[in-house]
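# Structural description and commentary
These are the residues of each chain, in order.
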Amino acid sequence: MTVRVTRTDDGLVLGSPATRPEFSAILEAAGAVLVWDVVTEEALPAAIVWDPVLATEWAWQIYGVEVTTALLAADSSPFAAVPGAALESARVVARCRWARSWWPASHRAAVPALDTRLLDLQEAAELVELEHLLDDSYGVDDELQKGLRAAEYLENEVPPSLPGVVAELIERIRSSADDRGIGLDPIRAEASEGAQGEFALAAGAMRAVDVGTDSTRPIAAGSAPLDLSRVAPGTADAAAEARWSVHLIDGVTVIEVAVERAPRRGSESAPQPLGADFAGVSLELVPNGASFSGRATVPSGILLTRPEERTLTIASPGYGDGWRVDSAALIDAARKALARALTEAGEGSAGSAFTTVAEREAAVRA
């Protein structure tokens with residue numbers, strides 16, 4: 001494969017990086033960022049290089065030996081790339097990180113949630129192989145801790161579709177941890193074990209709150225699409241819309257807002273509330289069964305505003321204005337990944353860098 005080299009004021013660009021963050025699987029390496037496009041699924045990544053000399057120390061393990069000349073040359077000549085020894089591990093780690101951030105879990109679109117423990121397990125196992133490539137290798141020990149916690153869960157709850165694969169990853173994690181003198185942190189392990197319980201308690205408590213249960217017919221109602229760049233990963237259903245309705249209750253004008261929750265699987269802690277804004281009125285949406293829901297009083301004249309001013313936006317704390325994510329395209333990419341993962345699982349394959357173990361487990365479970 002021939003890779004084009006472009007020189008910019010900030011450095012070099014190898015290939016054509018994906019332009020949409022939600023379709024970019026990224027690995028930060030020393031002196032460069034590697035970027036795989038999860039839609040086109042090219043085996044070799046594009047790269048944004050700001051320190052060519054530093055990148056020469058490892059880039060040949062991704063692109064083959066000719067990349068070294070291309071990085072140090074004064075011109076922008078293309079080079080012939082071949083898969084290097086570290087390519088598969090690098091792509092798996094990037095894909096795990098993409099899946100954790102962007103996987104569009106959805107009841108509505110029938111996209112199952114990924115098991116975050118499998119992502120933690122596989123990412124940690126492969127990351128150890130890449131330590132010499134990384135921009136910050138100090139985080140490897142922390143990732144191994146996460147991998148060890150995942151191994152503790154999965155050893156007693158092995159996915160029936162992938163017993164051999166998971167057992168091999170667990171062995172790799174524990175062997176690497178032993179070599180580095182890393183043990184399972186009991187405090188972190190206890191916190192992780194309590195995460196599901198906290199989630200269940202929070203969900204049960206919220207169901208008792210009188211949110212969105214009033215029987216009066218709304219005097220106005222509508223919906224608005226979600227922008228997935230503004231909500232935390234795995235929070236809201238990727239294919240859902242936010243729904244709003246205005247009620248007159250005991251002479252008080254009230255707005256109610258609800259958003260369907262995303263499917264969840266793994267050891268995630270209880271989700272944080274979402275923030276909503278309707279025509280300048282802010283309210284908090286709390287987990288309430290299968291949804292996030294909230295209500296607030298509003299001025300009685302709110303429905304006299306122009307329809308185009310009755311906008312509803314939803315955001316997680318700390319998630320500000322960004323770009324609008326193409327949810328349909330993201331869901332389509334996930335469905336294609338699940339179809340491919342199901343084929344790999346049916347063939348008894350240990351998997352490839354094109355899908356993660358978590359995607360293969362989800363494809364079989366679905």
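In this report, the structure presented in the accompanying data block is examined. (Residues numbered from 1 in each chain as written. Predicted model: local features only at pLDDT ≥ 70, side-chain atom pairs only at ≥ 80, totals over all residues. Heavy atoms only, no water.)

## Let's talk about the packing of helix α6 (residues 140-155) against helix α7 (residues 163-180)
Definition in use: The axes used here are C-alpha line fits, helices contributing only the stretch in contact, and every angle between their N-to-C directions lies in the interval 0 to 180 degrees. For helices the rule is a DSSP run of H or I covering at least 4 residues; for strands it is a run of E covering at least 2, with both sets numbered from the N terminus onward. An angle below 35 degrees is treated as roughly parallel, one above 145 as roughly antiparallel, one from 65 to 115 as roughly perpendicular, and anything else as oblique. In this scheme the handedness of a crossing depends on how the near helix is turned from the far one: anticlockwise by less than a right angle means left-handed, clockwise means right-handed. Residue contacts are counted whenever heavy atoms from the two residues lie within 4.5 Å of one another. Put simply, Ala, Val, Leu, Ile, Met, Phe, Trp, Tyr, Cys and Pro go in the nonpolar bin, Asp, Glu, Lys and Arg in the charged bin, and everything else, Gly too, in the polar bin.
Remark: α6 packs on α7, axes separated minimally by 9 Å, with the N-to-C direction vectors making an angle of 135°. By the angle between their axes, α6 is oblique relative to α7. Helix-helix and strand crossings are classified by hand; for α6 and α7 the assignment is left-handed. Where α6 abuts α7, its residues Val-140, Asp-141, Leu-144, Gly-147, Leu-148, Ala-151, Glu-152, Leu-154 and Glu-155 lie against Val-166, Ile-170, Ile-173, Arg-174, Ser-176, Ala-177 and Arg-180. Of the residues assigned to the contact of α6 with α7, the class counts are 9 nonpolar, 2 polar and 5 charged.

## A look at the environment of Val-252
Short version of the rule: Per-residue accessibility, obtained with a 1.4 Å probe over protein chains only, is compared with the maximum for each type, and a residue is labelled buried under 20%, exposed over 50%, and partly exposed between these values.
Along the polypeptide, Val-252 turns up in strand β10 (residues 252-260). The exposure class assigned to Val-252 is partly exposed, which follows from its relative accessible area of 36%. For the pair Val-252 and Pro-299, spaced 47 residues apart in sequence, the C-alpha separation works out to 8.7 Å. Residues in contact with Val-252, not counting those within four places in the same chain, are His-247 and Thr-297.

## Re the nonpolar core
Let me state the cut-off plainly: Put simply, buried Ala, Val, Leu, Ile, Met, Phe, Trp, Tyr and Cys residues joined by side-chain atoms within 4.5 Å make one nonpolar core.
If you look at the biggest cluster of nonpolar residues, it comprises 103 residues, and the most contacted ones within it are Leu-14, Trp-58, Tyr-63 and Ile-314. With 9 residues, helix α4 (residues 87-102) is the largest single contributor of residues to this core. Contact partners of Ile-314, with chain neighbours within four places excluded, come to Leu-226, Arg-230, Val-231, Ala-242, Val-257, Val-259, Leu-274, Gly-275, Ala-276 and Leu-285.

## With respect to the packing of helix α5 (residues 116-127) against α7
Direction vectors running N to C along α5 and α7 enclose 50°, while the axes themselves pass 9 Å from each other. Regarding the angle of α5 to α7, the classification is oblique. Along this stretch, α5 crosses α7, giving a crossing that reads as left-handed. For the pair formed by α5 and α7, the contact residues are Leu-118, Leu-121, Gln-122, Ala-124, Ala-125 and Glu-126 on the first element and Val-166, Leu-169, Ile-170, Arg-172 and Ile-173 on the second. Residue composition of the contact of α5 with α7, by class: 8 nonpolar, 1 polar and 2 charged.

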